[in-house]
Amino acid sequence: MRFQLIGAFVLAVGIYAEVERQKYKTLESAFLAPAIILILLGIVMFFVSFMGVLASLRDNLCLLQAFMYILGICLLIELIGGVVALIFRNHTIDFLNENIRRGIQNYYDDLDFKNIMDFVQKEFKCCGGEDYKDWTKNPYHDCSAPGPLACGVPYTCCVRNKTDIINTMCGYKTIDKERLSIQHVIYVRGCTNAVLIWFVDNYSIMAGVLLGILLPQFLGVLLSLLYITRVEDIIAEHKLSADASVAFQEQSEVERAGTGCCMCYPGKQ
C-alpha cells in the first residue's frame, strides 16, 4: 500500500510538471523530459503495487505470479543495466557526453535541459559534458557565431564570487582559451566527470540509495514467492480434503446401496 501511495504521488507530480512544461515548451523532446519519466515511473509503481495488493487480498495465484514476475523483471533489468554500465564504463561516459552535447545544441530552446544543466553546473562546479569546449556545439556560443555570446559559456559555468550581483557575461570569450589561463574564471572540468567523482566520494550515500531501491524489490519478489507457495499449499490441502470428502460420501452411498430395500436394526433386549 505504501508503494502504491508513492506511485500515485510520483504520478501526480509528473502530471503537474508536464502540464507546466507544456505552457513553455519550445522544443519537441518528450522522451527527454523529466516530467514524462516521472509519469511513466508513477504509472508503473502504482499499477504494480495495486496488482500486488489486490492479489494478496484475493489470494489470486495469477495476479500474485504476475506481480512477482513483473517485479523480478524490473529488478533484473536494473541489475543488468548497472553491471553493463560498469563493465562498459568508457562507452557509458561517451554516451552521456554525446547526449549532453546534443542537449547543449538546443540549450536555449529546451527549458527542461537548460534548467537541469544550469543546476548541475552550479552545484557540481563544472562546465559542459566532457569539458567547457562542448559549448561550441551551441550555435550562439560557437566562436564563429555573431553576437556577444560567441566563444563564451553560460554564467552558470563561472566561478562564483561572493557578491549578490550575477555577471551573466562572466564567461565571455573563454572557449578559445587554454584551461590554465581561465580556470580562475570558469569551471574547466566536465560535468560527467564531476558527477562521477561526487558519486565515488559519497559512495556511502549512493550505496544507501541503491539499497533503498533494490532491497524492497528483492523482498517483494521473495515474499511473493513465499506467499504463492503458501497459497498453493492451502489449495492443495483443500483439494485433498474435498477429494477425501467426496470419496467418503461415495463409500457411504455404496454401503447404503448394499443393504437392499430394508435395513435391519438390532432387536431390543
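About the criteria used
- Residues numbered from 1 in each chain as written.
- Predicted model: local features only at pLDDT ≥ 70, side-chain atom pairs only at ≥ 80, totals over all residues.
- Heavy atoms only, no water.
- UniProt positions renumbered as here; feature names shortened; annotations may be inferred.
- Patch = residues over 30% accessible without salt bridge, like charges linked within 9 Å, V, L, I, M, F, W, Y side chains within 5 Å.
- Areas by Shrake-Rupley, 256 points an atom, 1.4 Å probe, with all protein chains shown as cover.
- Salt bridge = Lys/Arg side-chain N within 4 Å of Asp/Glu carboxyl O.
- Lys, Arg positive; Asp, Glu negative; His and termini not counted.
- Charge placed at Lys NZ, Arg CZ, Asp CG, Glu CD.
- Helix = DSSP H or I, 4+ residues; strand = E, 2+ residues; numbered from the N terminus.
- Buried < 20%, exposed > 50% of the residue type's maximum accessible area, 1.4 Å probe, protein only.
- Expected span 1.5 Å × (residues − 1).
- Arc of directions from axis to C-beta.
- Contact = heavy atoms within 4.5 Å.
- Disulfide = S-S within 2.5 Å.
- Phe/Tyr/Trp six-rings, centres within 6.5 Å; stacked < 30°, edge-to-face > 60°.

- For the chain, the name recorded in an unreviewed UniProt entry is Tetraspanin, with Alligator sinensis as its organism.
- For the chain, the Sequence similarities (unreviewed entry) comment in UniProt is given as "Belongs to the tetraspanin (TM4SF) family."
- Recorded under Subunit (unreviewed entry), the UniProt text for the chain is reproduced unchanged: "Interacts with ADAM10; the interaction influences ADAM10 substrate specificity, endocytosis and turnover."

## Quick notes on a positive patch on the surface
Here is step 1: Among the surface-exposed residues, Lys122, Lys125, Arg160 and Arg189 lie close enough to one another that they form a single positively charged patch.
Here is step 2: Tracing the backbone shows Arg189 in the loop between α6 (179-182) and α7 (191-201).

## Focus on the pattern of salt bridges
Here is step 1: Counted by the stated rule, this structure contains 5 salt bridges.
Here is step 2: For the salt bridge of Asp134 with Arg101, the shortest nitrogen-to-oxygen distance reads 3.0 Å. Here Arg101 lies in helix α4 (residues 89-105) and Asp134 lies in the loop between α5 (111-123) and α6, a separation of 33 residues in the sequence.
Here is step 3: Judged by relative accessible area, Asp134 falls into the buried class, the value being 6%.
Here is step 4: The closest approach of N and O atoms between Asp176 and Lys177, which form a salt bridge, is 3.6 Å.
Here is step 5: On the basis of relative accessible area, Lys177 is assigned to the partly exposed category, the value being 34%.
Here is step 6: One salt-bridge network, held together by shared partners, links Glu98, Arg101, Glu130 and Asp134.

## Here's the deal with α4
Here is step 1: With 17 residues, α4 extends 24 Å from end C-alpha to end C-alpha; this agrees with the ideal 24 Å at 1.5 Å per step.
Here is step 2: Within α4, the full set of buried residues consists of Ile93, Asn97, Ile100, Arg101, Gly103 and Ile104. Buried residues along α4 cover an arc of 160° about the axis, so they all sit on one side. For α4, exposure combined with an orientation more than 90 degrees from the buried face picks out His91, Asp94 and Phe95.
Here is step 3: Where α4 is buried, its residues touch α5 and α7.

## A short note on a nonpolar patch on the surface
Here is step 1: Together, Leu211, Leu215, Phe218, Leu219, Leu222, Leu223 and Leu226 make up an exposed nonpolar region whose accessible area comes to about 660 Å².
Here is step 2: Inspection of the secondary structure assignment puts Leu219 in helix α8 (residues 203-258).

## Some thoughts on the state of the cysteines
Here is step 1: Applying the stated criterion across every chain, the model contains 4 disulfides.
Here is step 2: One disulfide in the model links Cys126 with Cys191; its S-S distance is 2.1 Å. The sign of the 90° torsion about the S-S bond sets the Cys126-Cys191 disulfide as right-handed. You can see Cys126 sitting in the loop between α5 and α6 and its partner Cys191 sitting in helix α7, a full 65 residues away along the chain.
Here is step 3: Taking the relative accessible area as the measure of exposure, Cys126 reaches 0% and is therefore buried.
Here is step 4: The disulfide partner of Cys158 is Cys170, and the gap between their sulfur atoms is 1.9 Å. Here the disulfide of Cys158 and Cys170 is right-handed, its torsion about the S-S bond being about 105°. With Cys158 in the loop between α5 and α6 and Cys170 in the loop between α5 and α6, the pair connects residues that are 12 residues apart, well separated along the chain. Summarising the burial analysis for this pair, Cys158 and Cys170 share the class buried.
Here is step 5: Sequence-ordered numbering of the bonded cysteines in the chain gives a disulfide pattern of 1-8, 2-5, 3-4, 6-7.

## Observations regarding the packing of aromatic side chains
Here is step 1: Counted by the stated rule, this structure contains 7 aromatic pairs.
Here is step 2: Pairing Phe46 with Phe50 gives two aromatic rings, centres 6.3 Å apart and planes at 10°, and the pair type is stacked. Taken as a pair, Phe46 and Phe50 lie in helix α2 (residues 34-58) at a separation of 4 residues, close to a single helical turn.
Here is step 3: Its relative accessible area of 24% is what places Phe46 among the partly exposed residues.
Here is step 4: Judged by centre distance (4.7 Å) and plane angle (85°), the rings of Tyr107 and Tyr108 are edge-to-face.
Here is step 5: Cluster of aromatic residues (ring-pair linked, three or more members): Tyr107, Tyr108, Trp135 and Tyr140.

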